[in-house]
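Next come the chains, spelled out residue by residue.
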Amino acid sequence: MRVAGLAFIGLVAAASTAQAQANPQAEAQALELLKRGIAFRTVAGSGNQTFDYATYLKGALVAGGFAAEDVRVEKLGDTAYLVARYRGTGKARNGAKPILVSGHMDVVEAKPADWERDPFTPVVENGYIFGRGATDNKFDLSTFLSTLIQLKREGFKPGRDIVVLLSGDEETAMKTTAALANQYHDAELLLNIDGGGGELDEGGRPVIFGVQGAEKTYGDYELSVTNPGGHSSAPRKANAIYQLARALERLGAHEFPGQVNDVTKASWLASAAQAKDPKIADAMRRFAANPNDLEARAVLRADPGLIGQTGTTCVATMVNAGHAPNALPQRAAATVNCRIFPGTSVEQIQATLAQVVGDPEVSVRYVDSGTVASDASPVRADLMQLVTRAVHARFKDVPVVPTMSAGASDSMWFRAKGVPSYGISPIFMKSSDSFAHGLNERTPLSEIAPSIVYYRTVVMGLAK
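Residues numbered from 1 in each chain as written. Predicted model: local features only at pLDDT ≥ 70, side-chain atom pairs only at ≥ 80, totals over all residues. Heavy atoms only, no water.

### Comments concerning unusual backbone geometry
Put simply, the rule reads: Numbering goes from the N terminus for both helices and strands, where a helix is a DSSP run of H or I of at least four residues and a strand is a run of E of at least two. Only protein chains enter the accessibility calculation, which uses a 1.4 Å probe; a residue whose area is less than 20% of its type maximum is buried, one above 50% is exposed, and one in between is partly exposed.
Cis geometry is adopted by the peptide bond preceding Asn137, which originates at Asp136 and carries an omega value of 5 degrees. Looking at where Asn137 falls in the secondary structure, it is placed in the loop between strand E5 (128-130) and helix H3 (138-154). In the Ramachandran plot, Asp397 falls in the positive-phi region, its phi being about 70 degrees despite a non-glycine side chain. With a relative accessible area of 53%, Asp397 lands in the exposed category. The backbone phi angle of His437 is positive, close to 75 degrees, even though this residue is not glycine. We classify His437 as partly exposed; its relative accessible area is 43%.

Next comes the structure, spelled out in structure tokens:
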């Protein structure tokens, strides 16, 4: 998952670029880790090389100064996860609970025949690195781990432990993330390097930087009607397709309530301050103050880029009905995909759908996708100040705001365990360069140096 929750804010901000301090050894190592990482085919199923990739990363960490016993690689099914502990002095304030840092080693499938370049052969070309995982998430893994190794070389001793948790199936079942969250949930907070991030306009100017503090819960529901059926030459009033169609029509007309939390309220207010359209800006402010403001809600929900931030959304995405062209349908079913606002359970939405449908003959069933509901994390002033300092060292005055993504990332498993979690990736990207999960995935090499400076600032500030 990459930089979700930013595209809905249409801002243009002028900024000046600060010269990033040089970390040549870390920068070279980050590029080497990234090239080697792309070459591992860390895709679920036959031939999955996530365990091999994790073993390679362990070797790099141990060579960089980590004790071998502080880096652990565990297999789980056809994948694996990695845990690395950067031991602290125990002198930090607030009980010196550890800081967790998460990322994922796996990538989505990529078929070489569809790509211009082989997806598992790293290619450096025209200032970009191409390959599956070049953005999601091997770029941040490489820059972050090279930053930690650089800090080890310099003799930095954090006041508390920094525990790196790299999952192996974030793009699919998330079983490794669930296992990690079960083991590591007594922590101050979690920093997710696969979330948040910065946006550039097409002229390369910085627009906004988001710190992901909340995720909507992904939920699929099946609406179905069964019927005895019969011959199409003798139609009956009871018809499964018509009955399902009426249910979907009622669902399409339903308005879910407006909702806000600390994260989205801060986003709305920051967006309003920069929005070009006065009507949109006014609606953002009014909605942040009162999500039951129907006029403001209607303005925001008229924009597909904004509606997801206003509350839960549910939409029909698939329909399957009938069994023969000359027979009455015995069954009709539809998939309804919901993105559920934090603090609302999948059971509550199931009950709402059944109420909206209003027909006891239409079954409403939750289809378990392996996700879990999680509340929004509190907006932490200390973290926001550190991230703002790190971002403004590069781009002065760029808005740094909390954001909510449509879900799901590894963070949700830790939030569900009570660990405040925040997506803090430092990458700034143009929309036209964003190909995560798509063909010809790429990231500008110019993001390596500032990413290392950023991670140094945030990690050293939180861990002292």
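### With respect to the packing of helix H6 (residues 262-274) against helix H7 (residues 278-289)
Put simply, the test is: Note on definitions: angles span 0 to 180 degrees between N-to-C directions of axes, and those axes are lines fitted to C-alpha atoms, for helices only across the stretch in contact. Note that the term roughly parallel is reserved for angles under 35 degrees, roughly antiparallel for angles over 145, roughly perpendicular for angles of 65 to 115, and oblique for everything else. Crossing chirality is assigned from the near helix's rotation relative to the far helix, an anticlockwise turn below a right angle marking it left-handed and a clockwise turn marking it right-handed. Residue contacts are counted whenever heavy atoms from the two residues lie within 4.5 Å of one another. Basically, the charged four are Asp, Glu, Lys and Arg, the nonpolar ten are Ala, Val, Leu, Ile, Met, Phe, Trp, Tyr, Cys and Pro, and anything else, Gly included, counts as polar.
It is at 8 Å that the axes of H6 and H7 come closest, and there the two elements cross at 155 degrees. Of the possible angle classes, the one that applies to H6 and H7 is roughly antiparallel. For the pair H6 and H7, the sense of crossing is left-handed. Together, Lys265, Trp268, Leu269, Ser271, Ala272 and Ala273 of H6 and Ala281, Met284, Arg285, Phe287 and Ala288 of H7 make up the contact between the two elements. Class assignment for the residues of the contact of H6 with H7 results in eight nonpolar, one polar and two charged.

### Re the pairing of strand E9 (residues 206-215)
Quick note on the threshold: Two strands make a pair as long as DSSP finds a minimum of two bridges between them.
Of all ten residues in E9, ten are buried, a share of seventy percent or more. Examined bridge by bridge, strand E8 (residues 197-200) and E9 share four bridges and lie antiparallel to one another. Bridge pairing in E9 links Glu199 to Ile208. As consecutive antiparallel partners, E8 and E9 are separated by five residues, and within that stretch Gly204 has a phi angle of approximately 85 degrees, a positive value.

### Regarding the pattern of salt bridges
Our working rule: When a carboxyl oxygen of Asp or Glu lies within 4 Å of a side-chain nitrogen of Lys or Arg, that pair is called a salt bridge.
Applying the stated rule across the entire model yields 23 salt bridges. The shortest N-O distance in the salt bridge between Glu441 and Arg132 comes to 2.9 Å. A residue pair is termed long-range when its members are at least 10 positions apart, and Glu441 in the loop between strand E18 (428-430) and strand E19 (442-444) and Arg132 in the loop between E5 and H3 qualify at 309 residues. On the accessibility criterion, Arg132 (3% relative accessible area) is buried. Arg205 is paired through a salt bridge with Asp201; the nearest N and O atoms lie 2.9 Å apart. Overall, the relative accessible area of 47% leaves Arg205 in the partly exposed class. Note on Asp201: relative accessible area 14%, which makes it buried. Each of the salt bridges in this network shares a partner with another, and the network as a whole consists of Arg160, Glu188, Arg380 and Asp382.

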